[in-house]
Amino acid sequence: MTDQSLKLASEFPPADYAAWRKLAEAALNGAPFDKKLVTHLRDGFDVQPIYTADDLDGATAQIHDGLVATSKQLPARDDTGATGWDIRQLHAHPAPKTVNDAILEDLENGVTSVLLRLDHAARFGNGPSGDDAGLGGVMIYNLDDLNSALNGVYTNLAPIALDGGAAAIPFAALLAARMGHEDNAADAAPAFNLDPIGTLAGEGYCPTNIEDALEQTASFAQSIAAKFPNATAVNVNSTGWFNAGATDSMELAIALATGLAYFRALVTAGMDGTMAAANITFTTAIGTDFFAGIAKLRALRLMWRRILQASGLENGPVTITAISADQIMTKVDPWVNMLRTTVTSFAAGLGGADSVVCLPYDHAIGLPDSFSRRIARNTQLILQEESNVHRVIDPAGGAWFIENLTRDLAQNAWQKFQEIEGNGGITNAVENGSLAREIADLWQKRKNRLATRRDPLTGVSEFPNIEEAAVTCEMPDIATLRATAASRPTPATGTIGHGFDDLVIAATKGANIAQLFAALYGDATPTRITPLAQHRLSESFEGNRRRASAHQQETGKAPKIFLCNIGRVAEHTARASFSRNFFGAGGIEAIANNGFATGHDAANAFGESGAKIAIICGSDTQYAEHAAEMAKALKAAGASKIYLAGHPGDNRAAFEAAGIDDFIFMGSDVIATTTTTLDHLGVK
């Protein structure tokens, strides 16, 4: 068959955007096009319902101050090729031996690198005796603990990434001490992840002033580069900003400003620009907006390369770790988290992340078990081994929609980045709290959208299952772990020097993190600010769900509301389902029925149900005929509060006169209403 003989759709006239727009507006029957078909993003720009090649021309044009987005400039990953991205697993169990068992299991089954998070005590340079020991991470206090956690792990084959908080440098010294006794240590590519700016913002603490911390970071990065040529020393971790409520473009702007601060510090300290760029990596959070996740990583790669180009580096490396955002994880209906993290991992893979962390579905509940870690790693393995996502370089490149979304995110982020730089840079914005306040305002707006279900959460605010079995996680014996760690003798190491080599030598001799921390910072005056408040989208709903669940455990009965359904099922099912979901989001069980023809029948059924509250559900026509009758009958039967499903409109006064107390409809505040309902029911 020749090209001349195959003329697909040749009998149809050519289509253009104007013709499509005309047909779309006709189908809307007068509804506003911009309201129904255009998506307004939190970042401040719109997503159109359709894109054409004309839009691609715009996306590849100049963006802002020489920022250019073309698919040719955006290879998805720099070096992974057909091998795929690095599958990284987070480990934060308090017991080092338990962590070791989990790490070996992960590595044997497809994980390719490990992320170790220190517990709260070690993160602040303390020992195991405090109340924060064993919380939030691994109880690694000295080289023996680290060796226990990494026993049997070849760091030249499985890269180790660190999350050490304010104790990042002492933690790095422990890892360097371990690697110093390994064969082929020079081939290892650990990620030491020094990030004083991110730590100050996220944890509200820096053991010295931020300027000295940047100089210290640059100095130690040089030492690390000399010891481990394949390592990366500095990490720009912007996930805390995202989980505090930042939009995608704001997180990108903060990441750029932080990365530039580190790059300047490294170069000022004498590091070659190429080496400085190679020692800086990024960690960004990916939410459940699939396309925004793809565009976000592409925009980050684009903008950081533009900054490196302005610094004289034409092809500087951009290494990105993408992690499922803590913000999206839920405690109720946690099984849906498997779908959420599949979206984040898929977007990360398509967007070009070099490493991907897929959080276990029970991450928000507690410590993951073997099954949840297996699901997390298999999510990525299926994307690679069965879906072959990694075999295409920049699979989103050239897609009109994605190119435009990348452009808009980059443009917004670049503008915010310039604003941060113009106001004194990222350190000034962190210390004076201006960024934190701006993000707190953004979170309040997001919180309102969640409460009114304009931003729905499957399994939480939409289709809640209040009868679901609770997921339980391991509860380690923290008291025993603390006592065991505290009972170990601490060897005297003598005076510890301030250089990285000095810390490594001391760690080899048995010095613990507290000693290394004290030697490093001595009498320095720490910097303290209010840390970024970390949020999850479901947190407000979970408060009422916990409250209702506790009531059921105490009394043996769930809080209930009676559905006073009017007429046949077909007439009331839409609003009855709406009401069931609405109150179910607050843990309140809806007592269903097939509908009632008269108020007398409804009142009898209500009395037999044992409920105190009722909600009338039906069509607008039925409300006009029967709502007042139903309300009066329910009140006579003892209903202490009556809702009506639907906006009352001009009938509000008449409905209220009949005994209806409140109304629920699209846009109602679910949190406020269910909280009031639980209060009314006497739920503690």
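Everything numeric here is computed off the predicted structure, so don't read it as measured data. (Residues numbered from 1 in each chain as written. Predicted model: local features only at pLDDT ≥ 70, side-chain atom pairs only at ≥ 80, totals over all residues. Heavy atoms only, no water.)

Trainee: Any chance you could explain the sheet that holds strand β15 (residues 560-565) here in plain terms?
Mentor: Sheet strands line up and pair through hydrogen bonds in the backbone, either parallel or antiparallel. Pairing in this open sheet of five strands is parallel, and the strands run β16-β15-β17-β18-β19 from one edge to the other. Looking at which strands have only one partner, the edges of the open sheet turn out to be β16 (589-591) and β19 (662-664). Taking each pair of neighbouring strands and ignoring which way they run, the sheet shows an average axis angle of 30°. By the bridge criterion, four bridges tie strand β17 (residues 613-617) to strand β18 (residues 641-645) in an arrangement that is parallel. The partner of A614 across the bridge, within β18, is I642. Against the sheet, helix α27 (residues 670-680) makes contact with β17, β18 and β19, and its axis sits at roughly 155° relative to β18, the strand it touches most. (Pairing = 2+ DSSP bridges. Helix = DSSP H or I, 4+ residues; strand = E, 2+ residues; numbered from the N terminus. Axes fitted to C-alpha atoms, helices over the stretch in contact; angles between N-to-C directions. Contact = heavy atoms within 4.5 Å.)

Trainee: Whenever I open this one, the side chain of T427 confuses me. Can you help?
Mentor: When you line up the elements, T427 lands in helix α17 (residues 426-431). Classification of T427 as buried rests on a relative accessible area of 16%. Not counting residues up to four positions away in its chain, the partners in contact with T427 are I197, I210 and L214. (Buried < 20%, exposed > 50% of the residue type's maximum accessible area, 1.4 Å probe, protein only.)

Trainee: Any chance you could explain the packing of aromatic side chains here in plain terms?
Mentor: Centre distance and the angle of the planes are the two values used to describe a pair of aromatic rings. Using the criterion set out here, one finds 22 aromatic pairs in the structure. On the basis of an interplanar angle of 25° and a centroid distance of 5.6 Å, the ring pair of Y51 and F401 is categorised as stacked. Of the two residues, Y51 is situated in the loop between β2 (46-47) and α3 (53-59) and F401 in helix α16 (residues 400-422); the sequence distance between them amounts to 350 residues. Judged by its relative accessible area of 14%, Y51 falls in the buried class. (Phe/Tyr/Trp six-rings, centres within 6.5 Å; stacked < 30°, edge-to-face > 60°.)

Trainee: Explain unusual backbone geometry to me, please; I cannot follow it from the model alone.
Mentor: The bulk of non-glycine residues show a negative phi, and the bulk of peptide bonds are trans. The backbone of N388 shows a phi angle near 55°, a positive value even though the residue is not glycine. Structurally, the position occupied by N388 is in the loop between α15 (370-386) and α16. In this structure, D394 is a non-glycine residue whose phi angle is positive, near 50°. For D394, a relative accessible area of 8% gives the class buried.

Trainee: Please clarify how helix α25 (residues 620-636) should be interpreted in this entry.
Mentor: Side chains of residues three or four places apart in an α-helix project in the same direction, reflecting 3.6 residues per turn. Counted at 1.5 Å a residue, the expected span for α25 with its 17 residues is 24 Å, and the 23 Å between its end C-alpha atoms agrees. Residues Q622, Y623, A627, M630, A631, A633 and L634 constitute the buried set of α25. Residues of α25 that are buried make contact with β15, α23 (569-584), α24 (599-609), β17, β18 and α26 (652-657). G638, located one to two residues past α25, shows a positive phi value of around 105°. (Expected span 1.5 Å × (residues − 1).)

Trainee: Any chance you could explain the domain arrangement of the protein here in plain terms?
Mentor: Split by domain assignment, the protein resolves into domain 1 (64-69 + 82-472) and domain 2 (538-681). Put simply, the middle of domain 1 and the middle of domain 2, counted by C-alpha atoms, are 45 Å apart. Listed by partner, the interface residues are 19 residues for domain 1 and 19 residues for domain 2. Summing both partners gives a buried area of about 1,500 Å² for domain 1 against domain 2, and 58% of it is carried by carbon and sulfur. (Domains from an automatic or database assignment. Buried area = accessible area lost by both parts, 1.4 Å probe.)

Trainee: What is the right way to look at the nonpolar core in this model?
Mentor: Taken as a class, soluble globular proteins show a tendency for nonpolar side chains to be buried jointly. Of all hydrophobic cores here, the largest spans 136 residues; its most connected members are L116, I140, W241, I280, W304, I426 and L516. At 13 residues, helix α11 (residues 248-268) tops the list of elements feeding residues into this core. Residues in contact with W304, not counting those within four places in the same chain, are L256, G259, L260, F263, I280, F282, P317 and V318. Counting residues in each nonpolar core, the second largest holds 51 residues, with V332, L457, I642 and V670 among its members. (Core = buried A, V, L, I, M, F, W, Y, C linked by side-chain atoms within 4.5 Å.)

Trainee: What is the right way to look at the environment of G134 in this model?
Mentor: By secondary structure assignment, the location of G134 is in the loop between α5 (120-123) and α6 (143-149). Residue G134 is classed as buried on the basis of its relative accessible area of 6%. Sequence separation between G134 and L481 is 347 residues; the distance between their C-alpha atoms is 7.6 Å. With residues near it in sequence (within four places) discarded, G134 still touches P94, D119, M139, Y141 and I478.

Trainee: How should helix α19 (residues 478-487) be read in this particular structure?
Mentor: Every buried residue of α19 is listed here: I478, R482 and A485. In an axial view of α19, the angular spread of the buried residues amounts to 70°, which keeps them on one side of the axis. Every exposed residue of α19 that faces more than 90 degrees away from the buried side is listed here: A479 and S487. (Arc of directions from axis to C-beta.)

Trainee: Just to check I follow, could you spell out the environment of F228 for this structure?
Mentor: Mapping F228 onto the fold places it in the loop between α9 (210-227) and β10 (232-237). Remark: the alpha-carbon pair of F228 and N29, spanning 199 residues in sequence, is separated by 66 Å.

Trainee: Please clarify how the state of the cysteines should be interpreted in this entry.
Mentor: Should the sulfur atoms of two cysteines be covalently bonded, the bond is a disulfide. For the structure shown, the criterion picks out zero disulfides. Cysteine C358 shares no disulfide, and the gap to the nearest cysteine sulfur, in C473, comes to 15 Å. Looking at C564, it has no disulfide partner, and the nearest cysteine sulfur is the one in C617, 7.8 Å off. (Disulfide = S-S within 2.5 Å.)

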